[in-house]
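Residue-level listing of the chains:
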Amino acid sequence: MLTRDETLKICEGVLGYAREAGAEDASVSLQNSIESHARFADNRISTSGRAEDLEITATVWVGRRRGGTSGNDPGDAALRRLATEALEIARVSPVQREYVPTLGPLEYPEARGFATATADVDLTARATTLDSILTECRAAKVTGAGFHTARASAVATATANGNRRYFRSSEAGMSVTARSADGTGYYAGDHFDLARLDARRIAGQAVDKAVRSREPKAIEPGAYPVILEPQAAADLIGFLANSFDARTADEGRSAFSAKEGKTRVGEKLFHEGINLYSDPMHLDLPAVPATSEGVPASRMPLITAGVLENLEYPRFWAQERNREPTPGPVNYIMQGSHPAVPLDDMIKGMERGLLISRFWYVRLVDPRSLALTGLTRDGMWWIEKGRISHPVRNLRFNQGVLAMLAPWNVDAIGAPQRLAPLVVPALKLASFTFTSISDAI
């Protein structure tokens, strides 16, 4: 990848050409990434490859009119063309009411989410790991398929008002799906450090779920107590994470809107054990310490002991509301207020209900209530008197996230698990609503 000096030099070059052409304000960003991947299916490695990408984006302003262009050539002639084309677009564009000047000089902490081992993958070690996974699938008489990827990126930004920032990050991930004639299992994991990605555990969990989900039985739709494994919880909590925008709340378009243009900040909307916050310095899920607009990021509580504490104010909306822009969120960490309850203990404490591995094809039905619909997938089991009894056929659900996490509906919270961009726990819920049976495996 390009070095810090190389990336900022390219950004400075575009800024210089933009000034020469008459730009009144400008911002230039560069992203350089390297990605290595391997795919396996039908118990053999099917594809593998490596790609490097460079993208340079120029945004210029003339009289509150905006123009933007992008390219991947760092040569001087191409950079000049990038700047002049952005300026030409700006001059014929409509006035942008929501323009705010680009940021000036700011201090940022160093990003912590980069590992050299992720950027420079040991291909022999990866092939050995995948071969052992395929061997495990064959031994269990299931068909295995999955994806192993490692990505490293560097992002630099320079503005006409003097802001300069450069961050590196990396992420390694692996997912495995294992299938038999009538059973399926799935498991995924990720980490910024490839050395801390437990590929054998991921594969073992997927194979185990596939074996244990054979010969599922149908149950009638209805409201049931459930235990959501962390993956299942993440599939739904992601919609909550995307709902903290202050503007939509202020304008009455959000689950966190109140009457007369007010918001529900300060209300206890969730179980007292629910805490959700953003922290770029989190040990397991470090993030770039700046928002997408370049505001320095720091720890930001969103839900504390069930109380909605903060909403996200980007720079324009903060200006409209006479507030400071919020320092995030840049990631989302959910954890309980009390010691985590192990998954096995949740099962032992359930009289009757369902254990759910994950959801898929989840869609937002109503942003005002965060009502979702979707299907269970890749492993669901009936629990009877504290023991897993048998696998269950998939069901469609209709469920609101606010009701799911309401004070009366959360019975237990497990240990948080990284599933980027989230850290989420398993959840034991008193009621979860299913509406129909699905024919899918």
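Residues numbered from 1 in each chain as written. Predicted model: local features only at pLDDT ≥ 70, side-chain atom pairs only at ≥ 80, totals over all residues. Heavy atoms only, no water.

Q: Sorry, what's going on with the overall build of the protein here?
A: Of regular secondary structure, the protein possesses 10 helices and 19 strands. In terms of overall dimensions, the protein is globule-like: its C-alpha atoms have a radius of gyration of 24 Å, near the 22 Å expected for 441 residues. Overall, the C-alpha framework of the protein stretches about 75 × 60 × 35 Å when taken along its three principal axes. Counting every position in the protein, which comprises 441 residues, the buried fraction comes to 51%. (Helix = DSSP H or I, 4+ residues; strand = E, 2+ residues; numbered from the N terminus. Rg over C-alpha atoms; globule rule 2.2 N^0.38 Å. Buried < 20%, exposed > 50% of the residue type's maximum accessible area, 1.4 Å probe, protein only.)

Q: What is the right way to read the sheet that holds strand β10 (residues 307-308) from this model?
A: Strand pairing in a sheet takes place through backbone hydrogen bonds and is either antiparallel or parallel in direction. Judged by pairing direction, the sheet is mixed, and its six strands sit side by side in the order β10-β9-β8-β11-β18-β17 without closing on themselves. Looking at which strands have only one partner, the edges of the open sheet turn out to be β10 and β17 (417-419). The sheet contact formed by strand β9 (residues 300-304) and β10 spans two bridges and is antiparallel. For T304, the partnering residue across the bridge sits in β10 and is V307. Together, β8 (274-278), β9, β11 (332-336), β17 and β18 (422-424) form the strand contacts of helix α6 (residues 230-241), whose direction differs from that of β18 by roughly 125°. (Pairing = 2+ DSSP bridges. Contact = heavy atoms within 4.5 Å. Axes fitted to C-alpha atoms, helices over the stretch in contact; angles between N-to-C directions.)

Q: When you look at the pattern of salt bridges in this model, what are you seeing that I'm missing?
A: Close approach of charged atoms lets side chains of opposite charge pair. In the structure shown here, the tally under the stated rule is 18 salt bridges. Across the pair E20 and R80 runs a salt bridge, and its minimum N-O distance is 3.3 Å. Here E20 is found in helix α1 (residues 4-21), whereas its partner R80 is found in helix α2 (residues 76-91), with 60 residues between them in sequence. Judged by its relative accessible area of 57%, E20 is exposed. Judged by relative accessible area, R80 falls into the partly exposed class, the value being 39%. Between D190 and R418 there is a salt bridge, and its shortest N-O distance comes to 2.4 Å. (Salt bridge = Lys/Arg side-chain N within 4 Å of Asp/Glu carboxyl O.)

Q: I'm lost on unusual backbone geometry in this one. Help?
A: Working note: non-glycine residues mostly have negative phi, and peptide bonds are mostly trans. The step from G328 to P329 runs through a cis peptide bond, and the omega angle for that step is 0°. With respect to the helices and strands, P329 occurs in the loop between α8 (315-320) and β11. Residue P421 follows A420 across a cis peptide bond; omega there is 5°. Within the fold, P421 resides in the loop between β17 and β18.

Q: Got a minute to help me understand α6 in this structure?
A: Working note: α-helix, 3.6 residues per turn, so residues spaced by three or four point in the same direction. Judged by how many residues are buried, α6 sits mostly within the fold: 11 of 12 residues are covered. Listed as buried for α6 are P230, Q231, A232, A233, A234, D235, L236, I237, G238, L240 and A241.

Q: Looking at this structure, how should I read the packing of aromatic side chains?
A: Note on aromatic pairs: each is described by the distance of the centres and the angle between the planes. Here the structure, examined in full by the defined rule, presents 12 aromatic pairs. Centroid distance W360 to Y361: 5.8 Å. Interplanar angle 55°. Geometry classified as tilted. Note on W360: relative accessible area 30%, which makes it partly exposed. By way of ring pairs, the aromatic residues Y224, F359, W382, F397, F432 and F434 are connected into one cluster. Looking at R299, its charged tip hangs above the ring of Y277, at a distance of 3.8 Å from the centre. A cation over a ring is seen here: R363 above Y361, with NZ or CZ 4.3 Å from the ring centre. (Phe/Tyr/Trp six-rings, centres within 6.5 Å; stacked < 30°, edge-to-face > 60°. Lys NZ or Arg CZ within 6 Å of the ring centre and 35° of its normal.)

Q: In this structure, what is going on with the pairing of strand β5 (residues 164-179)? I would like to understand it.
A: Where a strand is regular, its side chains alternate between the two sheet faces. Of the pairings in the sheet, the one linking strand β4 (residues 143-159) to β5 comprises 16 bridges and is antiparallel in character. Residue pairing in the sheet places V155 in a bridge with F167 of β5. Here β5 runs beside strand β6 (residues 184-191); their pairing, made up of eight bridges, is antiparallel. The partner of R179 across the bridge, within β6, is T184. Between β5 and β6, which pair antiparallel in sequence order, lie four residues.

Q: Any chance you could explain the environment of L123 here in plain terms?
A: Its location among the elements puts L123 in helix α4 (residues 123-139). When the C-alpha atoms of L123 and S170 are compared, they prove to be 17 Å apart, with 47 residues separating the residues in sequence.

Q: Can you help me understand the packing of α4 against helix α5 (residues 199-212) in this one?
A: How two helices pack is summed up by the angle between their axes together with the distance between the axes. Contact geometry for α4 and α5: axes closest at 10 Å, N-to-C directions at 20°. When the axes of α4 and α5 are compared, the pair comes out roughly parallel. The way α4 lies across α5 gives a crossing that is right-handed. Contacts from T129, S132, I133, E136 and C137 in α4 reach A199, R200, A203, G204 and V207 in α5. Classifying every residue of the contact of α4 with α5 gives five nonpolar, three polar and two charged. (Parallel < 35°, antiparallel > 145°, perpendicular 65-115°, else oblique. Left-handed = near helix turned anticlockwise from the far one by under 90°. Nonpolar A, V, L, I, M, F, W, Y, C, P; charged D, E, K, R; others polar.)

Q: Hey, could you run me through the nonpolar core in this one?
A: Judged by nonpolar contacts, the single largest core of 56 residues is most densely connected at L228, L240, F256, L354 and L405. Of all the elements, α6 adds the most residues to this core, at seven residues. In contact with L228, other than residues within four places in its own chain, are A233, L236, I356, F359, M404, A426, L427 and L429. In this structure, I10, L15, V62 and A158 belong to the second largest nonpolar core, which totals 26 residues. (Core = buried A, V, L, I, M, F, W, Y, C linked by side-chain atoms within 4.5 Å.)

Q: For this particular structure, what's the right way to read the pairing of strand β14 (residues 387-391)?
A: Here strand β13 (residues 371-384) runs beside β14; their pairing, made up of four bridges, is antiparallel. Across the sheet, W382 pairs through a bridge with H390, a residue of β14. Where β13 folds back on β14, the antiparallel hairpin that results is connected by two residues, among which K385 adopts a positive phi of roughly 50°.

Q: Sorry if this is basic, but what is going on with the sheet that holds β6 here?
A: With antiparallel pairing, the six strands of this open sheet are ordered in space as β3-β2-β1-β4-β5-β6. The open sheet has two free edges, formed respectively by β3 (65-71) and β6, since each of these has just one partner strand. Mean inter-strand twist for the sheet, computed between neighbouring axes without regard to direction, equals 15°. Contacting β2 (44-62) and β3, α2 crosses the sheet at an angle of about 150° to β3.

Q: I tried to follow the side chain of T157 on my own but got confused; where do I start?
A: Its place among the elements puts T157 in strand β4. Within polar-contact distance, the side chain of T157 engages the side chain of S29 at 3.1 Å. The contacts of T157, once residues within four sequence positions are left out, are L8, S27, V28, S29, N163, R164 and R165. (Polar contact = N/O pair within 3.5 Å; in protein donor to acceptor, adjacent residues only side chain to side chain.)

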